[in-house]
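Descriptive structure summary
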Amino acid sequence: MPHGYGDLMTPFIQTFFERKANAALKQSLERACDLSHFKQVKARLEAGEDLSNELPQLKKMAKKDALAVVKTLIKRCDTDLNDYWTLPKAAKAKLSVTHKSYKGELVPRFTATYQFATTLGLVEIKVTTQGRYVFASPNTKDVKKASIELAFRDVEKQLGLAGYAY
């Protein structure tokens, strides 16, 4: 059987990324509520509604300026949602994060991919979420089969150096 996403991670790595994901989801819940609110405000402003009674801070602003402020707040929320997944620089992991919101779901669904360069090859940990469910899966296709366990130990060491030893 070819190796890749089917390989088993160590319990340390599995637990680490489950905890990281749960912490990110917890932070995201509040931010996702803000994001939803700002998107509603944006839609209502674009529709020409006067929101100055609901949002007194808009009273002194022209519609164009109010829209610019709301767009900035939306962008900041999106950035925050992705930043919750970052690791300290000491972990030396490359990270790519995407999130998508679905109607009726409070928290967006995330896909966070961490790439760790080890002396034995690239180890990739992909974390996906759906609601409160977290799925972490490794990809070790660049690592020789006999070296997979050592490559995971190298990842553990990088996470430990970043101050994540439990």
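Residues numbered from 1 in each chain as written. Predicted model: local features only at pLDDT ≥ 70, side-chain atom pairs only at ≥ 80, totals over all residues. Heavy atoms only, no water.

Brief notes about the nonpolar core
Buried together is how nonpolar side chains tend to be arranged in soluble globular proteins. Phe17, Leu45, Trp85, Tyr114, Phe116, Ile125 and Val127 are the most contacted members of the largest nonpolar core, which totals 42 residues. With ten residues, the single largest contributor to this core is helix α1 (residues 11-46). If near-sequence neighbours (up to four positions away) are discounted, Val127 is found in contact with Phe17, Ala21, Trp85, Phe110, Thr111, Ala112, Tyr114, Val134, Phe135 and Ala136. (Core = buried A, V, L, I, M, F, W, Y, C linked by side-chain atoms within 4.5 Å. Buried < 20%, exposed > 50% of the residue type's maximum accessible area, 1.4 Å probe, protein only. Helix = DSSP H or I, 4+ residues; strand = E, 2+ residues; numbered from the N terminus. Contact = heavy atoms within 4.5 Å.)

Re the confidence of the model for the chain
Averaged over every residue, the pLDDT of the chain is 88; the share at 70 or more is 93%. Mean pLDDT in the chain bottoms out at helix α3 (residues 148-164), which sits at 86, and peaks at strand β2 (residues 109-118), which reaches 96. Of the regions scoring below 50 in pLDDT, residues 1-6 engages in 16 contacts with residues more than four places distant in sequence or in other chains. (pLDDT = per-residue confidence, 0-100.)

A closer look at the packing of aromatic side chains
Considering all chains together, one arrives at four aromatic pairs under this definition. Judged by centre distance (4.7 Å) and plane angle (90 degrees), the ring pair of Phe16 and Phe17 falls under edge-to-face. Each member of the pair, Phe16 as well as Phe17, is classed as buried. Pairing Trp85 with Phe110 gives two aromatic rings, centres 5.2 Å apart and planes at 45 degrees, and the pair type is tilted. On the criterion of sequence distance, the pair formed by Trp85 in the loop between α2 (63-83) and β1 (93-100) and Phe110 in strand β2 is long-range, its members being 25 residues apart. As far as the burial class goes, Trp85 and Phe110 line up, both buried. Here Arg109 stacks its cationic end above the ring of Tyr102, 4.4 Å away from the centre of that ring. (Phe/Tyr/Trp six-rings, centres within 6.5 Å; stacked < 30°, edge-to-face > 60°. Lys NZ or Arg CZ within 6 Å of the ring centre and 35° of its normal.)

Digging into unusual backbone geometry
Backbone geometry at Lys92 places phi at a positive 50 degrees, although glycine is not the residue there. Following the sequence through the fold, Lys92 ends up in the loop between α2 and β1. For Lys92, a relative accessible area of 67% gives the class exposed.

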